[in-house]
Structure formats: C-alpha cells, structure tokens
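Observations on the three-dimensional arrangement
Here are the chains, one letter per residue:
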Amino acid sequence: MNLVVAFDSFKGTMSAAEACAAAADELRARHPGWRVVEVPMADGGEGTAEALCVARGGAWKTCRVTGPRPDQSVEARWVWMAADRTAVIEMAEAAGLTLLQERERDPLVTTTFGVGELMAAAAAGGAERIELAVGGSATVDGGTGAAAALGYRFSGPDGRDLPPGGGSLERLATIVRPSSLTLPPVEVLCDVDNPLCGPEGAAAVYAPQKGASSEGVARLERGLGRLAEAVNTDGVCPRGLERAAGAGAAGGLAYGAAALLGARLVSGVDAVMRVARLEAHLRDADWVLTGEGRLDEQSARGKVVAGVSRKAREQGARVAAVAGAVSLPERHARELALEEIASLEEACGAETARRDPQKALRTAVRNLTFHAE
Ligand SMILES: Nc1ncnc2c1ncn2[C@@H]1O[C@H](COP(=O)(O)OP(=O)(O)O)[C@@H](O)[C@H]1O
Ligand SMILES: O=C(O)[C@@H](CO)OP(=O)(O)O
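Report on the accompanying structure. All of these numbers come straight from a predicted model, not from anything done at the bench.

About the criteria used
- Residues numbered from 1 in each chain as written.
- Chains lettered and ligands numbered in written order.
- Predicted model: local features only at pLDDT ≥ 70, side-chain atom pairs only at ≥ 80, totals over all residues.
- Heavy atoms only, no water.
- Helix = DSSP H or I, 4+ residues; strand = E, 2+ residues; numbered from the N terminus.
- Polar contact = N/O pair within 3.5 Å; in protein donor to acceptor, adjacent residues only side chain to side chain.
- Contact = heavy atoms within 4.5 Å.
- Pairing = 2+ DSSP bridges.
- Axes fitted to C-alpha atoms, helices over the stretch in contact; angles between N-to-C directions.
- Core = buried A, V, L, I, M, F, W, Y, C linked by side-chain atoms within 4.5 Å.
- Buried < 20%, exposed > 50% of the residue type's maximum accessible area, 1.4 Å probe, protein only.
- Near = heavy atom within 4 Å.
- Areas by Shrake-Rupley, 256 points an atom, 1.4 Å probe, with all protein chains shown as cover.
- 1 Å grid on protein atoms, 1.4 Å probe; cavity = no way out; pocket = protein on both sides within 12 Å on 5 of 7 lines; lining within 4 Å.
- Sits in = over half its atoms within 2 Å of the grid points.
- Nonpolar A, V, L, I, M, F, W, Y, C, P; charged D, E, K, R; others polar.
- Salt bridge = Lys/Arg side-chain N within 4 Å of Asp/Glu carboxyl O.
- Points joined across faces, edges and corners; volume = space filled by probe spheres on them.
- Domains from an automatic or database assignment.

All right, on to the side chain of glutamate 187 then. Tracing the backbone shows glutamate 187 in strand β9 (residues 186-190). A polar atom in the side chain of glutamate 187 sits 2.5 Å from the side chain of arginine 264. If we ignore the near neighbours within four places in the chain, the residues touching glutamate 187 are Arg129, Ile130, Glu131, Leu132, Arg264 and Val266.

Right, dumping it as structure tokens:
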C-alpha cells in the first residue's frame, strides 16, 4: 500500500511538518510494509513561506515592521530565494491574527501597513519577483494599509488622510497613486477563493473570527464596496477585479494587491502543490491523508484539503481527512470526496487534542478504518 500524508498546519498547535511526521510515524509503526511519503502542505495562510522555503531552498531574513495594530511593531520574517531573486512574503508574519491577543482583535483598526513595508524591504533588497502568501489575517482593510506603505494615499471627503484600518474605508473619497511604484511583479498566493464583497466576501465570512461584531461586519462590507467603487472609477486597473476568485483573501489584501499594485492572483494551494511536487507523489498512491486544525465550510473554499482532494482524485487516489475539530456539512464532505473523516477532539477529547496534538493525531489515525485495506 502506498500512502501520501499531506497535512496543512493545525493553527496554533502543530506545523504542517509536525502533523505529517506524527501521522506518518503512526502508519509506519503499524504497517512496516507500507510506503508512506510526507508532503507538508500550505495554502497561502500561515506556514506557506516555510513550506516553500523547505521545498525550494531559501534563506530567512527578518525586518522590523508595523504589526496588525498600527501602534505596534513586530519582527517579521520573509524568505529570500537567491537563485531566482524571489522574495516570499507571508502576510501573517506582519498582520496575522495569531499576533494578537483575543481582546486586541479589531478589524476596524488593524492594518496591512507592515505587509507593504516588507514588500518595500524585499524590493530594496533586489527582489525581481515577490510571492505574497495571504491568509490567516487580522485585517479587513482591502490592502489599503500595504498600499499606503508603498506611497498610496487614501483620503476622506474633507481631503484628510483616512486613519488605518477597515473601519474608515466607508468614508473613502479619493485615492492618490504614488508618482512611481518601485515594486517588481507580485504574485498573490490566495488561501481561499472568496470574492471581495457580498455574502461570500471577506467581511461577511472572515471578519467575525477577527473580532468584528455584526455592526462591524456591515461597516467593513460598506468600506470594501466603497474601495472597489473608487478603484473602478479611477480606471487605472481593469474593472471588476472585486469579483475575482481570491480577491477576498486576507481581508481583501489580495484585491488591493491586484487593483493597486498590479499583482496577479493565484491559488495558494495550487502553487504549493506544484512546488512540493504533490502530483508526482500521488501518481502511485492508494490513499492520501490530509487535514488541518478545523475542517469546516471554509475548508471547501480552495484550502489545502480541497486542493489535495482534487489532485488525489485526478490521480485516482482515495482521500481520508483528520482534523483537530470537524464541523463540515455532509454535502461538503461528499463534494470533497472524503471517504473517512476523523477528529482529534473525538479521538481524545478537546483538552488533549490541544495539549498534546501529536499524540491525539496518532490516536485519530489509528482509529481510521482504512488500515484493513
Ligand atoms: N489540535 C487541535 N485540536 C482541536 N482544534 C484545533 C487544533 N489545532 C487547531 N485547532 C483549531 O483549528 C482552528 C484553526 O483552523 P485551521 O484549519 O488550522 O486554520 P485556518 O482555518 O485559518 O486555515 C482554530 O479554531 C483552532 O482552535
Ligand atoms: O485571512 C483571512 O481573512 C482568511 C481568508 O483568507 O484566512 P484564514 O482562513 O486562514 O482565517
């Protein structure tokens, strides 16, 4: 039996490499004759720079930049791939949700300014290409913070600059582009395929987890709508980018990067699968085991489990998923062709699942019925 183990990170408890190693160890211990290959995955969210650095060989650099709250600074890392003069920047390093305590979360004020500072540092360091991995954000500012760090100005009806954060965007009147933008081509690796606005958009779907109230979500939605309107009126970039798949990733940073910085949006999981050569590993696989921290409706939006499952089906491999917690509606499980689903919480209880996630993952893997194959 040939098995591929291709987990995403379990946010806050296990990296993708740790999850893959724990599951693979368990399978090898139980079935010494099986061939088990570990392929740590990512989709644009946290852990993407690490996955790409491991797969392609790169060097970590650090830079002190503005954090998710405008009055904070953080030491953010990015990856330099010298061979092709490419910088891989993960937005969550400067503006990720996990950088904030629960009480500090507020997408009305959090900003992607530090992400723009990282992009400027990479450009100044000689990058000829930037790959911007987006997801896991604390922000819903439509990428205006990052653009402001690169010289854009966003002002209200009184002509004064708007304060940082998604909360002020509903007052946006004028966008002033910098006279020159010194950036190499940017490719955005989007962790989800949501559009910018509407019921499937960045505010409605992801702002509540970042600390927005229902009134806050409505303000953010109006703000993102106003941003798209202003961009479409100024006519410098193609109209309708707000509807592109992935525009809503990372609170609309993907949209801002496309509309204001000329970036190209691509699927993060597709990019990581290509670099990690997942397709080649799947060619002779009977089963693939994948998963993430929480398997839910968002998982079906182009994230790791959705991408791995699609690739597995193309190659004729069957798919089982193991996640920390599972709340995936049945129709999505069918859509994703997940033949077996297990959860660490069910296997060991919520407390052990978080306290000793690797042990809990091994137990959950032990309970899968595909061992009988
Ligand atoms: N070991 C674990 N056991 C149970 N739940 C977990 C575990 N690790 C992470 N989670 C939960 O997963 C959620 C994050 O989901 P995840 O799929 O990792 O990231 P994202 O949805 O941002 O891609 C968090 O709510 C976290 O509590
Ligand atoms: O940052 C965000 O808004 C979301 C979607 O991009 O990321 P995650 O699913 O990791 O919370």
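The structure having been displayed, the exposition proceeds.
Taken together, 6 strands build an open sheet; the order of strands is β3-β4-β5-β6-β9-β10 and the sheet is mixed. The sheet terminates laterally at β3 (59-66) and β10 (264-267), the two strands that pair on one side only. Averaged over all pairs of adjacent strands, the angle between strand axes in this sheet comes to 30 degrees, irrespective of strand direction. Of the strand pairs in this sheet, strand β6 (residues 129-134) and β9 are connected by 5 bridges, and their pairing is parallel. What sits directly across from glutamate 131, in β9, is glutamate 187.

It is worth spelling out the nonpolar core at this point. By size, the foremost hydrophobic cluster in this structure holds 60 residues, and its most contacted members are Val115, Met119, Ile130, Leu132, Val134, Phe154 and Val188. With residues near it in sequence (within four places) discarded, isoleucine 130 still touches Ala87, Ile89, Met119, Ala122, Leu183, Pro184, Pro185, Val186 and Glu187. Among the nonpolar cores identified, the runner-up in size contains 38 residues, and Val4, Val88, Met273 and Ala333 belong to it.

Before going further, it helps to examine the site of ligand 1. The environment of ligand 1 is made up of 15 residues, and the closest members are Lys11, Thr13, Glu292, Ala353 and Arg354. In isolation ligand 1 exposes 570 Å². Once the protein is present, 83% of that is buried. The site holding ligand 1 turns out to be the largest pocket. Going through the elements one at a time, α13 (344-348) and α14 (350-355) are the ones with two or more residues in the shell around ligand 1. Within the shell around ligand 1, the residues separate by chemical class into 5 nonpolar, 4 polar and 6 charged.

Before going further, it helps to spend a moment on the pairing of strand β4 (residues 73-81). Where β3 lies against β4, 8 bridges are found, and the strand directions are antiparallel. Bridge pairing in β4 places arginine 64 opposite glutamate 75. From the end of β3 to the start of β4, which pair antiparallel, there are 6 residues. Note that β4 and strand β5 (residues 86-90) share 3 bridges and pair antiparallel. In the strand pairing of β5, valine 79 is matched with valine 88. Here β4 folds back onto β5, and the loop between the two strands holds 4 residues, one of which, arginine 85, carries a positive phi near 45 degrees.

Another point: the sheet that holds strand β1 (residues 2-7). Across the sheet, which stays open at both edges, the 5 strands sit in the order β2-β1-β11-β13-β15 with parallel pairing between neighbours. Bordering the open sheet on either side are β2 (35-38) and β15 (338-343), each of which pairs with just one other strand. Between one strand axis and the next, the sheet turns through 20 degrees on average, direction left out of account. For strand β11 (residues 287-291) and strand β13 (residues 318-323), the ladder comprises 4 bridges, and the chain directions are parallel.

A few words now on the pattern of salt bridges. Should their charged atoms come close, side chains of opposite charge can pair. Tallied over the full model, the rule gives 26 salt bridges. Between arginine 129 and glutamate 131 there is a salt bridge, and its shortest N-O distance comes to 2.3 Å. Note on arginine 129: relative accessible area 31%, which makes it partly exposed. Notably, a salt bridge pairs aspartate 161 with arginine 153, separated by 3.0 Å at the nearest N-O pair. Given a relative accessible area of 46%, aspartate 161 falls into the partly exposed group. Owing to a relative accessible area of 45%, arginine 153 belongs among the partly exposed residues under this scheme. In the salt-bridge network here, residues are joined through shared partners; they are Glu279, Arg283, Lys311 and Glu314.

Let us now look at the layout of surface pockets. In this structure, the largest pocket encloses a volume near 840 Å³. Lys11, Glu292, Gly293, Arg294 and Lys303 are, among the 36 residues lining the largest pocket, the residues nearest its centre. For the lining of the largest pocket, the elements supplying multiple residues, two or more each, are α13 and α14. Among the residues forming the lining of the largest pocket, the class breakdown is 9 nonpolar, 14 polar and 13 charged. A domain split of the lining of the largest pocket shows at least three residues from each of domain 1 (2-40 + 277-372) and domain 2 (48-269). What the second largest pocket holds in volume is close to 530 Å³. Lining the second largest pocket are 31 residues, and of these Ala16, Ala17, Gly47, Glu50 and Ala51 lie nearest its centre. Residue contributions to the lining of the second largest pocket peak at 6 residues, all from helix α2 (residues 48-56).

This next bit is on the site of ligand 2. Close to ligand 2 lie 14 residues; Ser137, Asp191, Gln209, Lys210 and Lys303 are nearest. Contact between ligand 2 and lysine 210: an oxygen atom at 2.6 Å from a side-chain N or O atom of the residue. When atom positions are compared with the pocket grids, ligand 2 is found to occupy the largest pocket. Among the residues making up the shell around ligand 2, the classes are represented as 4 nonpolar, 6 polar and 4 charged.

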